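# Breakdown of the fold
Listed here are the chains, written in short residue letters.
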Amino acid sequence: MKPEEMAEASAEDLMSELSSDVVGLSSSEAESRLLKYGSNEIAEKRVNPIVKFLAYFWGPIPWMIEVAAVLSALLGRWEDFVIISLLLLMNGVVGFWQENKADRAIELLKKRLAPTARVRRDGKWIDLPARELVPGDVVRVRLGEIVPADVKLFEGDFLQVDESALTGESLPVEKKAADVAYSGSTVRMGEMNALVYATGMNTFFGQAAKLVEEATTQSHLQKAVIKIGDYLIMLAVALVALVFVVAFLRHESLIQTLQFALVLVVAAIPAALPAVLSVTMAVGAISLSKREAIVSRLVAIEEIAGIDILCSDKTGTITQNAIKVAELVPFEGFEEKDVLLSGLLASREEDRDPIDVAIIEKNKEEKIDPSGYNLKKFEPFDPVSKRTEAYVEGPEGSFKTAKGAPQSILSLVKGASENSSVDENVNAFAAKGYRALGVARTDLDGAWQYVGMIALNDPPREDSAETIKTAQSMGVKDKMVTGDHVAIAKEIAKMVGLGTKMEPPSAFVDKPDEEAEKVIEDADGFAQVFPEHKYKIVELLQSKGHIVGMTGDGVNDAPALKKADAGIAVSGATDAAKSAAAIVLTKPGLSVIIDAIKESRRIFRRMNSYAIYRISETIRVLFFITLSIVAFNFYPVTALMIVLLALLNDFAIMSIAYDRAEYSDQPDRWRMTSVMGMALFLGLIGTVESFGLLFFGLDYLHLSKETLQSLMYLKLSVAGQLIIFIARTKGHFWSYLPGKMLVGAVIGTQTIATLITVYGILVPPIGWHLAAIVWSYVIVVFLIIDQLKVRFYKSFDEGLKFMEDRFKVG
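Quick look at the structure, then. (Residues numbered from 1 in each chain as written. Predicted model: local features only at pLDDT ≥ 70, side-chain atom pairs only at ≥ 80, totals over all residues. Heavy atoms only, no water.)

### Observations regarding the overall build of the protein chain
Along its length, the protein chain carries 28 helices and 22 strands. Within the protein chain, buried positions represent 53% of all 810 residues. Across the protein chain, every contact between residues at least 6 apart in sequence was considered, and the portion connecting residues at least 24 apart equals 72%. A total accessible area of about 36,100 Å² is found for the protein chain, and carbon and sulfur atoms account for 57% of it. (Helix = DSSP H or I, 4+ residues; strand = E, 2+ residues; numbered from the N terminus. Buried < 20%, exposed > 50% of the residue type's maximum accessible area, 1.4 Å probe, protein only. Contact = heavy atoms within 4.5 Å. Areas by Shrake-Rupley, 256 points an atom, 1.4 Å probe, with all protein chains shown as cover.)

### Remarks on a nonpolar patch on the surface
Side chains of L755, Y759, I761, L762 and W768 sit close together on the surface and give an oily, nonpolar patch of about 500 Å² of accessible area. Within the element layout of this structure, Y759 appears in helix α27 (residues 740-759). (Patch = residues over 30% accessible without salt bridge, like charges linked within 9 Å, V, L, I, M, F, W, Y side chains within 5 Å. Salt bridge = Lys/Arg side-chain N within 4 Å of Asp/Glu carboxyl O.)

### What to know about the sheet that holds strand β18 (residues 502-503)
Taken together, eight strands build an open sheet; the order of strands is β9-β22-β21-β20-β10-β17-β19-β18 and the sheet is mixed. A strand with exactly one partner marks an edge of an open sheet, and here the two such strands are β9 (293-295) and β18. With three bridges joining them, β9 and strand β22 (residues 583-585) adopt antiparallel strand pairing. In the strand pairing of β22, A293 is matched with L585. Seen against the sheet, helix α20 (residues 531-543) touches β10 (309-313), β17 (477-481), β19 (525-526) and β20 (548-552) and runs at an angle of roughly 170° to β20. (Pairing = 2+ DSSP bridges. Axes fitted to C-alpha atoms, helices over the stretch in contact; angles between N-to-C directions.)

### Side note on the sheet that holds strand β16 (residues 448-457)
In spatial order, the strands read β11-β16-β15-β14-β13-β12; together these six strands make up an open sheet with antiparallel pairing. Each having just a single partner strand, β11 (324-330) and β12 (374-382) make up the two edges of the open sheet. Taking each pair of neighbouring strands and ignoring which way they run, the sheet shows an average axis angle of 20°. Two strands pair when backbone bridges link them, and strand β15 (residues 434-442) and β16 are joined in this way by nine bridges, in the antiparallel orientation. Directly across from G438, in β16, lies its bridge partner M453. On the sheet, helix α14 (residues 354-366) packs against β11, β14 (397-404), β15 and β16 and is oriented at approximately 75° with respect to β11.

### Side note on the nonpolar core
Counting residues in each nonpolar core, the largest one holds 72 residues, and the members touching the most others are I625, V637, L711 and Y713. Broken down by secondary-structure element, the contributors of at least two residues to this core are α8 (220-249), α23 (590-632), α24 (639-653), α25 (672-699), α26 (705-727), α27 and α28 (767-807). By size, the runner-up hydrophobic cluster in this structure holds 37 residues, among which are L288, I301, I492 and I568. (Core = buried A, V, L, I, M, F, W, Y, C linked by side-chain atoms within 4.5 Å.)

### Looking at the environment of K789
Its place among the elements puts K789 in helix α28. Residue contacts for K789: discarding those within four places in its chain leaves M678, F681, I726, T729, K730, G731, H732 and F733.

### Quick notes on the environment of V718
With respect to the helices, strands and loops of the structure, V718 is situated in helix α26. V718 sits 36 residues away from T754 along the chain, and the two C-alpha atoms are 8.6 Å apart. If we ignore the near neighbours within four places in the chain, the residues touching V718 are Q750, W775 and V778.

### Describing the pairing of β15
Within β15, eight of the nine residues are buried, leaving the element largely enclosed by the surrounding structure. Relative to β15, β14 is paired through four bridges, and the arrangement is antiparallel. Across the sheet, K403 pairs through a bridge with V439, a residue of β15. Hairpin connection from β15 to β16: five residues lie between these consecutive antiparallel strands, with G446 at a positive phi of about 90°.

### Digging into the packing of α25 against α26
At a minimum axis separation of 11 Å, α25 and α26 run at an interaxial angle of 150°. Judged by the angle between their axes, α25 and α26 are roughly antiparallel. Note that α25 runs across α26; the crossing there is right-handed. Two secondary-structure elements touch here, α25 through L682, G686, E689, S690, L693, L694, G697 and L698 and α26 through L708, L711, M712, K715, L716, A719 and I726. A per-class count over the contact of α25 with α26 returns ten nonpolar, three polar and two charged. (Parallel < 35°, antiparallel > 145°, perpendicular 65-115°, else oblique. Left-handed = near helix turned anticlockwise from the far one by under 90°. Nonpolar A, V, L, I, M, F, W, Y, C, P; charged D, E, K, R; others polar.)

Pasting the structure below:
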């Protein structure tokens, strides 16, 4: 049967195509089909590289540069024409290269997040990257997984599949043998084997992807920085318009003024903004991935940096998730071996469930032989009923066995709504930090009997206590979240240094919002919670103004992960949880999350530094040049010098993405008032600094107009680059050393600027003597500004805090 015919085939027809033991494809056959049908990936719409490169030469900014170049040619200024054209070309090349670099980084992250599939190859169940699936493969799909390809179900009871991403249908759809499950849908309940019949762009999802493109979102940081760019453009246009009006009134050459005005606008507006944003985010994402934390969306980095409350799963995050059987407690009429055997029969090794593995490992020690029992039917763990059931044929006849939450197992036993032995053992286990698992089986009449309980031990990680202490020092409050008993949560909390105020759902569910918010905010953690309670916890914390990080791993955790400001899918999470999360961990433990927060804050700090630098530089250059022209009828630099200034600045500023940055000891938020205040302060001081040197050159050095212009060009170039080192820290510039790449870029570009002015390359020469005066003046003022900056930050922060406390403005 051809793969394309499988969708219409009945379950019986499919089975006839497979061997009786359903061995699946051989490795060699799979390889040949992979060549024939291609990779099981949804090909994204890609822009032709040539078209992408040419796009850098069209738009408002390139258009203005092109007009300026044409005006230079009309005026016969061929040197200006060549340099301006070179600027246009270099901007295109650098932008194209940086965007490609960011794209490659994102592709790498996507590969790390690529889902895997449980596949039957050469008669064995193995895990493979889902992209390697081919038509004809036998796969197993189960709770929490995303269906890896279009498949035909043929073995198992049923699936409940969420197809909302494909069809818009909000309710899960029930699927049985002979039904089709589509690639991209999420399994909400059940487990079945299936046959792949379509992969990649041939799937239902692939066909839809040809018609639509994924919408992208912008973070608060991106919106804020782009808004800054808009303000700077408006400021530049307003001041340049003033220059143009003054020149018109003075009867100066309109063509020359227009050329100068266009070049000034190009130099003032943040042309490098998109590249700096994308590169900084991409470099940061790669750095996070090296720390075993993969961001699924680059815009999530800002939210991670701002987390002030982290809701951490106990199991696998605070604890080791190395579950072991600590005790076996039989109830009346049963022995320990009966408890272990019943639990063993309700477990399945190939599902790799941690509890199943713990029971199987325990049996290897006890050596109970289950070979006389034949598994007829297996119902995997259901997060709603919180148990697993199996139908078994044994020497004494057919019976059922189940394991799960003690109260869930108790509900199976007729007339046993309460059982003191169950409660006593749950409390006794909890006092030791053990998790309780109930085990039951039916007798020959089909009546359920409570066989006993299994104590499961999952000790805290060695680094959990220290990591929680570190988180607290960073302004992050950790709240434990667990489905276990309150007593277990308290015991584990004591071990890792958390508070022991653990609240059950009854403390905040169905309560007035004000009361529930207070309970949630004051609690140290939450016990006996279901996934739907996680959503409520996040919602209540957000309503109090907190930036919330929420960890999760199950399919039912997806809503809470999506609701959280930073949803975190922990190591081993289901595909559904990964797709909903902002960050996916590939290594277990709380320390990975804290490392991710630290790195995200470093990335945020780089962007903050860039914003302050870019705004202050625009104010400094625009105000100085505009005031010089309007007030003194003097052009302090030529159009060509402005082009050179912009060219060298853009090269250096790209390296800020690789700068060393210190993470803040408190959650980061985008505080526009602080950024604008510091940028205005630096910009105005820089303007005064420029006029100081201008008057010194005129009144004391008596320089010619051409020489003075070269002198001012060098001053603007050197002083502008040194502003980066002032903007990057709140303390003195030496308090946190910059990265080698940033230092190298600044030294390199300013060496070029100095050589250009000293030897008169494209500009009038000034010689080494005047260049030394410029450097000495700039460095002295730089040290003074750095001192003033520290005092300004202290006064500004105190004033801002006073205003926030008194008038609630931020």
